[in-house]
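Residues per chain, in single letters:
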Amino acid sequence: MKLKKVITAVLAGSMILSMAGCGSSTGSTAASTAASTAASAAASTAASAASAAAGSGTELKVWIWDSNQQAGLQKICDEFKEKTGISAKIDVVNWDNYWTLLEAGGSGGEMADVFWMHSNVSNQYMANGILLDLTDKIKNSKSVDISKYYKDVVDLYTLDGKYYAVPKDYDTIGLWYNKTLFDAAGVSYPDDTWTWDDMYDAAVKLTDKTKGIYGYACNTTNNQDSWYNMVYSMGGSVLHDDQQTSGMGDDATLKAMDYVGKLAKDVMPDQATMSETGIATMFENGQVAMITQGSWMVPEFKNNEYTDKNCDVAVLPKDKATGGWVSIYNGLGWAAFSGTQHPDEAWQLIEYLGSEEAQKEQADLGVTMSAWQGTSDGWTSAASEFNLKAYLDMAQKAKLVIRPHSYKTTTWENMLSEDLVTAWKDPTQMATVCKACADKMNQDIKSDAP
């Protein structure tokens, strides 16, 4: 299959997908990461030094989609240049255009050498030769140790035993809340004893529709960062572990979705308002008392004057019946274009970005939590006004469930985002809609294999 056709197939329907994963910002996109003192330099072997000398003077083009991360990552890339002589310029391409540019680049247009890869499309990009095979390079590396990353994240970028990206980060989900609204309503702040029932009860007390204040908000597109967590915490699933069949019609899933419907009916803005305005924007405007959001949103909320002053984050609630404390998680990967004119230099950059030292610096700079386990403690100090330890607690104490994905996740995920709107508007139809979604998912999964 020609590369252009392959990437076009990857992109089918993806532009309407609301990105709920690492590095996605659903509010404003002002670059914010402040540089801290430089982390200790990574040790270089004689072999890598010789290779670096060969690439001296090369400038690599790097694409990412989150401006909040640009400053910190560029600082790390500048340090990479000091060590190797290889420049790496990071350009931010917003999510709506990112995959379109990859399509154009893969078809012969301008293309980045190194870029972020996401679980939504990784299987297709790996299967069709778009990504540089890094298997031998990783196996021979002295600074990339695949066993140090979360296995689920490694698996996202592995196909038939071959590696096509080095994990960049991982994320977890937390419960953000407006302290000012809580205080005004006389409601205690959320903590690690909260159940989903506690969240609902608090949301009811916080809701004042006459004043345009709502206890909670969750759009149909807020999957990883919202309703997915409720489903898996209550024992349900969106996609069964075999990745071959949908769990949307299972009894436990329907129970969780009934809870989502109750939230939609009693404490949430109407679907059209949430879709048009965005739940993060409503939270930043003081219109919503609680939202569940990923760790990638920390820079966004830190830079917003209102949330920086009035809001904080706690761990997610548990399910009262199962005791399930669950966070859906995901992780991006650093990948290279298979057709890059600088494969050795591109690998050197990816190797450096994936090293323990650079991963620690990424966290210390407040860019995001890092994929190398045990390197993210410094990230909690990057925005000391927030209880960022809640995100690490979710990683260390909760059950981590990797974001549901199959060969072509965007096909059925876009369908869910569209079809569930009916149930958000009329929760009495929730079970019917979910069962219909399960049937559609099963059809999509059967037809979207390589």
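Figured I'd write up the structure that's included with this text. (Residues numbered from 1 in each chain as written. Predicted model: local features only at pLDDT ≥ 70, side-chain atom pairs only at ≥ 80, totals over all residues. Heavy atoms only, no water.)

Some thoughts on the overall build of the chain
Then, in step 1: A count of helices and strands for the chain gives 20 helices and 12 strands.
Then, in step 2: For the chain, the proportion of its 450 residues judged to be buried stands at 59%.
Then, in step 3: Summing over all exposed atoms, the chain offers an accessible surface of approximately 17100 Å²; the carbon and sulfur share of this is 47%. (Helix = DSSP H or I, 4+ residues; strand = E, 2+ residues; numbered from the N terminus. Buried < 20%, exposed > 50% of the residue type's maximum accessible area, 1.4 Å probe, protein only. Areas by Shrake-Rupley, 256 points an atom, 1.4 Å probe, with all protein chains shown as cover.)

A few points about the packing of helix α3 (residues 70-84) against helix α17 (residues 356-364)
Then, in step 1: Packing of α3 against α17 brings their axes to within 9 Å, and their N-to-C directions diverge by 150°. You can see that α3 and α17 cross each other, and the crossing is right-handed. Where α3 approaches α17, its residues Leu73, Lys75, Ile76 and Glu79 are matched on the opposing element by Ala358, Glu361 and Gln362.
Then, in step 2: Each residue belonging to the contact of α3 with α17 can be placed in one class, and the counts come to 3 nonpolar, 1 polar and 3 charged. (Axes fitted to C-alpha atoms, helices over the stretch in contact; angles between N-to-C directions. Left-handed = near helix turned anticlockwise from the far one by under 90°. Contact = heavy atoms within 4.5 Å. Nonpolar A, V, L, I, M, F, W, Y, C, P; charged D, E, K, R; others polar.)

Let's talk about the environment of lysine 205
Then, in step 1: Examined against the element boundaries, lysine 205 turns out to sit in helix α9 (residues 196-206).
Then, in step 2: By relative accessible area, lysine 205 is classed as exposed at 61%.
Then, in step 3: Measuring from C-alpha to C-alpha, the distance between lysine 205 and alanine 185 comes to 6.9 Å, with 20 residues separating the pair along the chain.

Some words on unusual backbone geometry
Then, in step 1: A positive phi angle is found at aspartate 160, which is not glycine, with a value near 55°.
Then, in step 2: Examined against the element boundaries, aspartate 160 turns out to sit in the loop between β4 (158-159) and β5 (162-163).
Then, in step 3: You will see that glutamine 243, though not glycine, has its phi angle at about 60°, which is positive.
Then, in step 4: Note on placement: glutamine 243 falls in the loop between α10 (223-233) and α11 (251-266).

What about the environment of leucine 102?
Then, in step 1: Note that leucine 102 resides in helix α4 (residues 95-106).
Then, in step 2: Judged by its relative accessible area of 0%, leucine 102 is buried.
Then, in step 3: Taking C-alpha positions, leucine 102 is 9.7 Å from isoleucine 130, a pair spaced 28 residues apart along the chain.

Things to note about the nonpolar core
Then, in step 1: By size, the foremost hydrophobic cluster in this structure holds 145 residues, and its most contacted members are Phe115, Trp227, Met290, Leu416 and Trp424.
Then, in step 2: Residues within four places of tryptophan 424 in sequence aside, it is in contact with Cys218, Asn219, Thr220, Trp227, Met257, Val260, Ala264, Met268, Gln271, Met274 and Met430. (Core = buried A, V, L, I, M, F, W, Y, C linked by side-chain atoms within 4.5 Å.)

Side note on the pattern of salt bridges
Then, in step 1: One pass over the full model with this rule turns up 13 salt bridges.
Then, in step 2: Among the ionic pairs, lysine 75 bridges to glutamate 79, the shortest N-O distance being 2.6 Å. With a gap of 4 residues between them, lysine 75 and glutamate 79 both fall in helix α3, about one helical turn apart. Assigned by exposure class, lysine 75 and glutamate 79 land together as buried.
Then, in step 3: As a salt-bridge pair, aspartate 344 and lysine 137 come within 3.7 Å of each other at their nearest N and O atoms. Here aspartate 344, found in helix α16 (residues 343-353), pairs with lysine 137, found in helix α6 (residues 135-139); they are 207 residues apart in sequence, far enough to count as distant.
Then, in step 4: Its relative accessible area of 45% is what places aspartate 344 among the partly exposed residues.
Then, in step 5: Look at lysine 137 and you get partly exposed, because its relative accessible area is 26%.
Then, in step 6: One salt-bridge network, in which partners are shared between bridges, spans Lys75, Glu79 and Glu361. (Salt bridge = Lys/Arg side-chain N within 4 Å of Asp/Glu carboxyl O.)

What about the packing of aromatic side chains?
Then, in step 1: All chains considered together, the criterion is met by 23 aromatic pairs.
Then, in step 2: Between tryptophan 176 and phenylalanine 301, the aromatic rings sit 4.8 Å apart at their centres with planes inclined by 65°, giving edge-to-face as the arrangement. Here phenylalanine 301 lies in helix α14 (residues 298-303) and tryptophan 176 lies in strand β7 (residues 173-178), a separation of 125 residues in the sequence.
Then, in step 3: Assessed through its relative accessible area of 0%, tryptophan 176 is described here as buried.
Then, in step 4: Classification of phenylalanine 301 by relative accessible area gives buried; the value is 0%.
Then, in step 5: Feature note: the residues Trp65, Trp95, Tyr98, Trp99, Trp116, Tyr125 and Trp334 constitute an aromatic cluster, connected by ring pairs.
Then, in step 6: If you follow lysine 262 out to its NZ or CZ, it ends over the ring of tyrosine 200, 4.2 Å from the centre. (Phe/Tyr/Trp six-rings, centres within 6.5 Å; stacked < 30°, edge-to-face > 60°. Lys NZ or Arg CZ within 6 Å of the ring centre and 35° of its normal.)

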